[in-house]
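# Chains, contacts and geometry: an overview
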Amino acid sequence: MAPAAQNLSFQQQKVIIPNKCGNKLVGILHESGSKEIVILCHGLRASKENFIMTNLAAALENAGISSFRFDFTGNGESEGSFVFGSYWREADDIHAVAQHFHEANRTVIAIVGHSKGANAALLYASKYHDIKTIVNLSGSHDLKVGLEYRLGKDFMERLRKEGFIELKAESPGGIDYHVTEESLKDRLNIIMLEECLHIDKECRVFTVHGSADIQIPVVAALEFAKILPNHKLHIIEGADHVYTDHQAELASVVVNFIKETMQLDKLNAS
């Protein structure tokens, strides 16, 4: 086991990329020797060290595909302030990362996002049109969904009365933060299904969702399937929002889809 662990650490490299505001985004490059690379995007109050991100990076590495998992602005090791909304800011962070690898003569073949990271990836595709594969893991079709789960009942009344809602970190090393009315409006002003209509028809979107997700119910996946013309759907039976007992299946379906995508790209190029 020890040699494998040493080999893994040899293939990982910390990379720091400035975003358009000058904040340093910190990420880990899993170098597998492929020119192609996949960008991995974490969810709300998570980081590049979230087990979904690290497991996907390991699975891609085992398939010979390089990946880059990074912290959005104000999360993990990256600079800047954490904001509850900031979906478009996160889409711009993805753009900074994608540009970094384009300039390094790498081919970004896919953006994989979980939960809020999935929404940021979809918004990226609706705005930038330069990456042709998005993997949407448990993204929300309606950003009003899940607010009561996170903020509690009567959250709007509490916001108006107190000016903010304080949320404590969900795990050791996590972030305590205030939700303000302004940051909530930033989230609610985004109409996800309308934004998704701006995604190029050539862009492949693969949606994966757990049937037992109570934070963002599986109806979200079905709504994406209705409006995205170049879409594939995979429901993981019994899986919750973070795929607690279904990590192996999640990694398998994501890696297989990306491998299929690479084959298609090679066929189209020949």
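Below is a summary of the structure that appears in this document. It should be emphasised that the depicted structure is a prediction, and the values quoted were computed from it without experimental measurement. (Residues numbered from 1 in each chain as written. Predicted model: local features only at pLDDT ≥ 70, side-chain atom pairs only at ≥ 80, totals over all residues. Heavy atoms only, no water.)

Another point: the overall build of the protein chain. Along the backbone of the protein chain there are 10 helices and 10 strands. Here the protein chain has a C-alpha radius of gyration of 18 Å; the compact-globule value for 270 residues is 18 Å, and the two agree. In the protein chain, which comprises 270 residues, the share counted as buried stands at 50%. A total of about 12400 Å² of accessible surface is found on the protein chain, and carbon and sulfur atoms cover 52% of it. (Helix = DSSP H or I, 4+ residues; strand = E, 2+ residues; numbered from the N terminus. Rg over C-alpha atoms; globule rule 2.2 N^0.38 Å. Buried < 20%, exposed > 50% of the residue type's maximum accessible area, 1.4 Å probe, protein only. Areas by Shrake-Rupley, 256 points an atom, 1.4 Å probe, with all protein chains shown as cover.)

This part takes up unusual backbone geometry. Positive phi is not limited to glycine here, since R45 has a value of about 60°. Looking at the secondary structure, you find R45 in the loop between β3 (36–41) and α2 (51–62). When its relative accessible area of 12% is taken as the criterion, R45 is described as buried. Of note, the phi angle at S115 is positive, near 60°, even though the residue is not glycine. Topologically, S115 is positioned in the loop between β5 (107–114) and α4 (116–128). A residue is classified by how much of its surface remains accessible, and S115, at 8% relative accessible area, is buried.

Covered by surrounding structure in strand β7 (residues 164–167) are I165 and L167 only, the residues F164 and E166 on the alternate face being uncovered. Bridge count for β7 against strand β8 (residues 177–180) is four bridges, and the pairing is antiparallel. Note that in β8 the partner of I165 across the bridge is V179. (Pairing = 2+ DSSP bridges.)

Time to look at the sheet that holds β3. Ordered by their spatial adjacency, eight strands build an open sheet running β1-β2-β4-β3-β5-β6-β9-β10, and the pairing between neighbours is mixed. Of all the strands in the sheet, the pair left with one neighbour each is β1 (12–18) and β10 (231–236). Recorded for the sheet is a direction-independent mean angle of 20° between the axes of neighbouring strands. Sheet analysis places strand β2 (residues 24–30) next to strand β4 (residues 66–70), joined by four bridges and oriented antiparallel. Within β4, the residue paired with L29 across the bridge is F68. Packed on one face of the sheet, helix α3 (residues 87–103) meets β1, β2, β3, β4 and β5 and runs near 115° to β1. Each of β3, β5, β6 (133–137), β9 (204–210) and β10 touches helix α10 (residues 247–269); the most contacted strand, β9, lies at about 170° to it. (Axes fitted to C-alpha atoms, helices over the stretch in contact; angles between N-to-C directions. Contact = heavy atoms within 4.5 Å.)

Here we take up the packing of α2 against α10. For the pair α2 and α10, interaxial distance at closest approach is 9 Å and the crossing angle is 50°. As judged from the angle between their axes, α2 and α10 are oblique. α10 is crossed by α2, and the crossing has right-handed handedness. Contact residues: α2 offers F51, I52, N55, L56, A59 and L60, while α10 offers Q247, L250, A251, V254, V255 and I258. Residue classes in the contact of α2 with α10 are distributed as 10 nonpolar, two polar and no charged. (Parallel < 35°, antiparallel > 145°, perpendicular 65-115°, else oblique. Left-handed = near helix turned anticlockwise from the far one by under 90°. Nonpolar A, V, L, I, M, F, W, Y, C, P; charged D, E, K, R; others polar.)

Next up on the list: α2. Given a rise of 1.5 Å per residue, 12 residues ought to cover 16 Å, and the 16 Å separating the end C-alpha atoms of α2 matches this to within 8%. The complete set of buried residues in α2 reads I52, M53, L56, A57, A59, L60 and E61. Between the side-chain oxygen of the N-cap and the backbone nitrogen of I52 there are 2.9 Å, and the N-cap of α2 in question is N50. Positive backbone phi, approximately 80°, marks G64, located one or two places after α2. (Expected span 1.5 Å × (residues − 1). Polar contact = N/O pair within 3.5 Å; in protein donor to acceptor, adjacent residues only side chain to side chain.)

Burial analysis of β5 places seven of its eight residues in the buried class, the great majority of the element. Looking at chain direction, β3 and β5 are connected through six bridges and run parallel. In the sheet register, I39 faces β5, and the bridge partner there is I111. Handedness of the crossover joining β5 and β6 through α4 is recorded here as right-handed. (Right-handed = clockwise from strand over helix to strand, strands pointing away.)

Next up on the list: the environment of S78. Following the sequence through the fold, S78 ends up in the loop between β4 and α3. In this structure the C-alpha to C-alpha distance between S78 and N62, which are 16 residues apart in sequence, comes to 27 Å. Within polar-contact distance, the side chain of S78 engages the backbone nitrogen of V26 at 2.9 Å. One polar contact links the side chain of S78 to the main-chain carbonyl oxygen of D71, over a distance of 2.6 Å.

Read these as layout, nothing more, since geometry by itself doesn't imply function.
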